[in-house]
Amino acid sequence: MHKFLRTIGFSKIQTDMQLEPLIERAVNEKNKTLVINGTDGSVIEQYQLPVAPSMGIAVVGERTADGVFHRNYYFPYMRSYDGTLTEAGSVERHLEKETYAGVLEDFRSGITLIFYLTNSVQLRELVKMQMHVKARQAFLTGLASEGKILLPIEKKEDVETRKSKSNERRSLVEAARQGDQEAINTLTETDINMYNEAQHRLLTEDLYSIVETSFMPTGVECDIYSILGEIVSLRVKENVYTHENVVDMKINCNDCIFHVAINESDLEGVPAVGRRFKGKIWMQGNLEFVDEDKDKDNEE
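Residues numbered from 1 in each chain as written. Predicted model: local features only at pLDDT ≥ 70, side-chain atom pairs only at ≥ 80, totals over all residues. Heavy atoms only, no water.

Draft legend 1. Inspection of the overall build of the protein at higher detail. Check the secondary structure of the protein and you find five helices and 15 strands. Rg of the C-alpha trace for the protein: 21 Å, near the compact-globule value of 19 Å for 300 residues, within the 12% margin. Looking at the protein as a whole, 41% of its 300 residues qualify as buried. Taking as baseline every contact in the protein between residues at least 6 positions apart, the subset at least 24 positions apart corresponds to 61%. Total accessible area on the protein stands at roughly 16600 Å², and carbon and sulfur atoms take up 49% of it. (Helix = DSSP H or I, 4+ residues; strand = E, 2+ residues; numbered from the N terminus. Rg over C-alpha atoms; globule rule 2.2 N^0.38 Å. Buried < 20%, exposed > 50% of the residue type's maximum accessible area, 1.4 Å probe, protein only. Contact = heavy atoms within 4.5 Å. Areas by Shrake-Rupley, 256 points an atom, 1.4 Å probe, with all protein chains shown as cover.)

Listed below in structure tokens is the structure:
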């Protein structure tokens, strides 16, 4: 059983046997399929079973020459239409099966972001065609199994000042990655000062009145993150099979914008625009690829 099936409204399903009718329905209805040629006359097929707007279950398997479909794996997904441009996006294949992890070296939070790639089958086709592709844009989403709503904190600076400081820090981080010692020293000094200020304020204030947003890896799996972010917008969606509600929140976390979904029954507190969401998410995303050779020709 996939842990995050409950996120998209399947909290009552506890075994793979209970899920099997939905998997079969996805394959039989052939909704939004992606088909590529495999080896020995087989065909790799991906099916999607939508359960709510922009959410569903993806099933990937192999159909042999005699017409029999063998499921390889499935995963719950959520699509986003808010893209994050990237100049340093790449992919790495998982060891267990031919799925991929997306990697964003230029993620705005200052860390290297690793996420589960939801369009691995498309990438397999591009690899088979021996195309030289690069990632241009990432559409990121997070699935949460639990979380809570926190009240907002008072912001002492206006939007323009905060934006200017954010851009300045991003430039310093990029320079530090290139080996600029002055940028490294500046960032180190800034972090030390911030740590000392936080330590002083913790004597009289609560941690979450000091930390407005945060984004950090957690656990042993590389695509699981603990986040604290501001809710920019939200929408409640209903799973058409179970009639459970799923809360889809657009989150601003360390100046990164992405969508987070959570089963309404797993969310503690009442979500609202301006409030904050704190929880642990499985980060996934869809990478938009472009032909690197054509892109170079266009630049010339």
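Draft legend 2. How the structure looks around the packing of aromatic side chains. If you walk through the whole model with that rule in mind, you get seven aromatic pairs. Taking the centre distance of 5.6 Å and the plane angle of 70° together, the rings of Y47 and F69 count as edge-to-face. Of this pair, Y47 sits in strand β2 (residues 43–52) while F69 is found in strand β4 (residues 69–78), placing the two residues 22 residues apart along the sequence. When its relative accessible area of 3% is taken as the criterion, Y47 is described as buried. Judged by its relative accessible area of 18%, F69 falls in the buried class. Between F215 and F258, the ring centres sit 5.9 Å apart and the planes meet at 85°, which makes this aromatic pair edge-to-face. (Phe/Tyr/Trp six-rings, centres within 6.5 Å; stacked < 30°, edge-to-face > 60°.)

Draft legend 3. Spotlight on unusual backbone geometry. Although it is not a glycine, S54 adopts a positive phi angle of roughly 65°. Since its relative accessible area comes to 18%, S54 is described here as buried. One non-glycine residue with positive phi stands out, namely D255, at about 70°. Topologically, D255 is positioned in the loop between β12 (245–253) and β13 (256–263).

Draft legend 4. Spatial organisation of a nonpolar patch on the surface. Together, L202, L207 and Y208 make up a nonpolar patch on the protein surface, roughly 230 Å² of accessible area in all. You can call L202 partly exposed: its relative accessible area is 36%. (Patch = residues over 30% accessible without salt bridge, like charges linked within 9 Å, V, L, I, M, F, W, Y side chains within 5 Å. Salt bridge = Lys/Arg side-chain N within 4 Å of Asp/Glu carboxyl O.)

Draft legend 5. Seen up close, the side chain of E45. Mapped onto the elements, E45 comes out in strand β2. The class of E45 is buried, set by a relative accessible area of 8%. A polar atom in the side chain of E45 sits 2.3 Å from the side chain of Y47. Leaving out residues up to four positions away in the same chain, E45 has contacts with L34, V35, V59, V60, G61, R63 and F69. (Polar contact = N/O pair within 3.5 Å; in protein donor to acceptor, adjacent residues only side chain to side chain.)

Draft legend 6. Representation of the nonpolar core in the model. Core analysis: the largest hydrophobic core is formed by 34 residues, its most contacted members being F10, L19, M55, I57 and V59. Where this core is concerned, the elements lending two or more residues are α1 (16–29), β2, β3 (55–63) and β4. If one sorts the elements of this core by residue count, β4 sits on top with six residues. Excluding anything up to four places from it in sequence, M55 contacts I8, L49, P50, Y77, M78, K237, V246, D248 and A261. (Core = buried A, V, L, I, M, F, W, Y, C linked by side-chain atoms within 4.5 Å.)

Draft legend 7. Representation of the environment of E62. Mapped onto the elements of the fold, E62 is located in strand β3. Residues E62 and E98 lie 36 residues apart in sequence; the distance between their C-alpha atoms is 12 Å.

Draft legend 8. Spatial organisation of helix α2 (residues 120–128). Of all the positions in α2, only S120, V121, L123, R124 and L126 are classed as buried. Positioned one or two residues after α2, Q130 has a phi angle of 60°, which is positive.

Draft legend 9. How the structure looks around the pairing of strand β7 (residues 100–104). β7 sits mainly inside the fold: five of its five residues count as buried. Note that strand β6 (residues 89–93) and β7 share five bridges and pair antiparallel. Each residue of the ladder has a partner; that of S90, found in β7, is V103. Connecting the antiparallel pair β6 and β7 is a turn made up of six residues. (Pairing = 2+ DSSP bridges.)

Draft legend 10. Layout of the pattern of salt bridges. Counted under the stated rule, the structure contains nine salt bridges. In this structure, D266 and R6 form a salt bridge, with 2.8 Å as the shortest nitrogen-oxygen distance. Placement of D266 in the loop between β13 and β14 (267–268) and of R6 in the segment before α1 is noted, with a sequence separation of 260 residues between them. The partner of E29 in a salt bridge is R25, with the nearest N and O atoms 2.7 Å apart. Taken together, the positions of E29 and R25, both in helix α1 and four residues apart, correspond to about one turn of that helix. Residue classification places R25 among the partly exposed positions, given a relative accessible area of 40%.

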